[in-house]
Amino acid sequence: MRLRDLFIGLALLALVVGLSSCMEWNYGLEEEKFEASGAGLFIANEGNFQYGNATLSYYNPQTKEVEQEVFLRANGMKLGDVAHSMTIHDGKGWVVVNNSHVVFAIDLQTFKEVGRIEGLPSPRYIHFVSDEKAYVTQLWDNRIFVVNPKRYEVIGQIEVPEMALGTGSTEEMVAYGKYVYCNCWSYQNRIIKIDTERDVVVDELVVGIQPTSLVMDKYQKLWTLTDGGYEQSPYGYEAPSLFRIDAETFEIEQQFRLKQGETTSKVRINGAGDRIFWINDDVWSMEVTASRVPVRPFLAYRETLFHGLTVDPTNGEVYVADAIDYMQRGKVYRFSAEGELIDDFYVGVIPGAFCWK
């Protein structure tokens, strides 16, 4: 069994206990004042499942300075258990903390909390439909929660039909017109299409086993990357694939087949929308108009455990997070658009998600 599969298995086992636990937020710690003006990069460090050691780091690309645990230091309390993703909207940073069942809204310069949405079963990502409506996807739950970010409260839910194995999993979301597309990952094989005017699933597209992520390019093509599951999985095991999907027709245009047993995750896109990047043990890259995958990676595997990936939307620089062993502090590598190392720095435990400010 691959290390990633073992980690997922342990997380599944721990979830039953985790869902019954409560996070004690107020620790009465000393608060610090920050003034992070200008551009920067947030790194959400998941921490170990059930340890409550998730953290938020902040990196200044101009000065190459990194601030650790900025949420804890700014608010005098811990972030919680498993910081899974972060999104910026309406001048706030929205940090999704999975096993603490909460989405925090923070000030982008001071890092102080300005609000929170609680009572979510297992939140993964938040996507803003408007200033007064957002969707929050869930792990192992067939509901996508509809929330009002102005009032920080749940106002509804979207039922995702026919989830496999009696469970559900919805992940990343991409908007196209009045629709939002979402990949269904754990023990699933679909991309769903949501009508944002009615908050209902109106269509679905079967891809491969366990699509991990979702982006859209400049030509309105959706890209998703499947991981193929794992050996002895009750849902099946197959070679991973990269899919290009037309957003208008909602049909698969091309499937790029990869090798079975390879560890795939995190398809990402540059700011121009004309080049995608993804993790497949190594970090790979190709133009969105390519007819085949390249023969050599953009960044070669170097006894690293690549777990997070992002591309600077302004200059095409690539940042990749190394989880190392899932226990010690992880490391982030910063590369030029040509693949030359610019900087590297340590962050928190299991860096997995990035968010550009």
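Scroll up for the structure.
Everything numeric here is computed off the predicted structure, so don't read it as measured data. (Residues numbered from 1 in each chain as written. Predicted model: local features only at pLDDT ≥ 70, side-chain atom pairs only at ≥ 80, totals over all residues. Heavy atoms only, no water.)

Caption draft 1: Spatial organisation of the overall build of the protein. Counting secondary structure elements, the protein contains two helices and 27 strands. For the protein, whose C-alpha radius of gyration is 19 Å, the value lies close to the compact-globule estimate of 21 Å for 357 residues. Along the longest, intermediate and shortest principal axes, the C-alpha atoms of the protein span 55 × 45 × 40 Å. Counting every position in the protein, which comprises 357 residues, the buried fraction comes to 57%. Considering only contacts within the protein whose residues lie at least 6 apart along the sequence, 47% involve residues at least 24 apart. (Helix = DSSP H or I, 4+ residues; strand = E, 2+ residues; numbered from the N terminus. Rg over C-alpha atoms; globule rule 2.2 N^0.38 Å. Buried < 20%, exposed > 50% of the residue type's maximum accessible area, 1.4 Å probe, protein only. Contact = heavy atoms within 4.5 Å.)

Caption draft 2: How the structure looks around the pairing of strand E7 (residues 113-118). Judged from the five bridges that link them, strand E6 (residues 102-107) and E7 form a sheet pairing that is antiparallel. In the strand pairing of E7, Val102 is matched with Glu118. With antiparallel pairing between neighbouring strands as the criterion, E6 and E7 make up a hairpin whose turn holds five residues, including Phe111 at a positive phi of roughly 65 degrees. (Pairing = 2+ DSSP bridges.)

Caption draft 3: Focus on the sheet that holds strand E13 (residues 179-184). Ordered by their spatial adjacency, four strands build an open sheet running E12-E13-E14-E15, and the pairing between neighbours is antiparallel. The two strands at the open ends of the sheet, each matched to only one other strand, are strand E12 (173-176) and strand E15 (200-206). Along the sheet, successive strands turn relative to each other by an average axial angle of 25 degrees, direction set aside. Relative to E15, strand E14 (residues 190-195) runs antiparallel, the two sharing six bridges. Considered in E15, the bridge of Lys193 is made with Asp203. (Axes fitted to C-alpha atoms, helices over the stretch in contact; angles between N-to-C directions.)

Caption draft 4: Fine view of the packing of aromatic side chains. Going through the model one piece at a time under the given rule, you end up with 15 aromatic pairs. Aromatic pair Phe42 and Phe111: ring centres 5.7 Å apart, planes at 85 degrees, arrangement edge-to-face. Of this pair, Phe42 sits in strand E1 (residues 41-45) while Phe111 sits in the loop between E6 and E7, and the two are 69 residues apart along the sequence. The pair formed by Phe42 and Phe111 is uniform in burial state, with each residue classed as buried. The rings of Phe34, Phe42, Tyr58 and Phe111 are connected pair by pair, giving a single aromatic cluster. The ring of Tyr179 has Lys193 lying over it, and the distance from NZ or CZ to the ring centre is 4.3 Å. One residue, Arg302, lies across the ring of Tyr333, its end atom 5.1 Å from the ring centre. (Phe/Tyr/Trp six-rings, centres within 6.5 Å; stacked < 30°, edge-to-face > 60°. Lys NZ or Arg CZ within 6 Å of the ring centre and 35° of its normal.)

Caption draft 5: Examining the pairing of strand E18 (residues 241-246) more closely. Counting buried residues along E18, six of its six residues qualify, which places the element largely inside the surrounding structure. With burial as the criterion, each face of E18 is covered, one bearing Ser241, Phe243 and Ile245 and the other bearing Leu242, Arg244 and Asp246. Pairing of strand E17 (residues 221-226) with E18 involves five bridges; the strand directions are antiparallel. What sits directly across from Trp223, in E18, is Arg244. As defined by bridge partners, E18 adjoins strand E19 (residues 251-257) across six bridges and the pair is classed as antiparallel. Note on E19: the bridge partner recorded for Asp246 is Glu251. Counting the residues in the hairpin turn of E18 and E19 gives four residues, including Phe250, whose phi is positive at 55 degrees.

Caption draft 6: Examining the environment of Leu29 more closely. Relative to the assigned elements, Leu29 resides in the loop between helix H1 (3-19) and E1. We classify Leu29 as partly exposed; its relative accessible area is 41%. As a C-alpha pair, Leu29 and Leu72 span 43 residues in sequence and 8.2 Å in three-dimensional space.

Caption draft 7: Here's a closer look at the sheet that holds strand E23 (residues 306-311). The sheet built from four strands is open, its strands ordered E23-E24-E25-E26 with antiparallel pairing. Two strands bound the open sheet, and with one partner strand each, they are E23 and strand E26 (341-349). Looking at each pair of strands side by side, their axes are set apart by 20 degrees on average, direction ignored.

Caption draft 8: Highlighting the pattern of salt bridges. Evaluated as defined, the whole model comprises 22 salt bridges. Across the pair Asp246 and Lys221 runs a salt bridge whose closest N-O atoms are separated by 2.5 Å. Taken as a pair, Asp246 in strand E18 and Lys221 in strand E17 lie far apart in primary sequence, 25 residues in all. Comparing Asp246 with Lys221, the two get one shared label, buried. (Salt bridge = Lys/Arg side-chain N within 4 Å of Asp/Glu carboxyl O.)

Caption draft 9: Main features of the side chain of Thr264. Checked against the element boundaries, Thr264 lands in strand E20 (residues 264-269). By relative accessible area, which is 1% here, Thr264 ends up buried. One polar contact links the side chain of Thr264 to the main-chain carbonyl oxygen of Thr226, over a distance of 2.9 Å. (Polar contact = N/O pair within 3.5 Å; in protein donor to acceptor, adjacent residues only side chain to side chain.)

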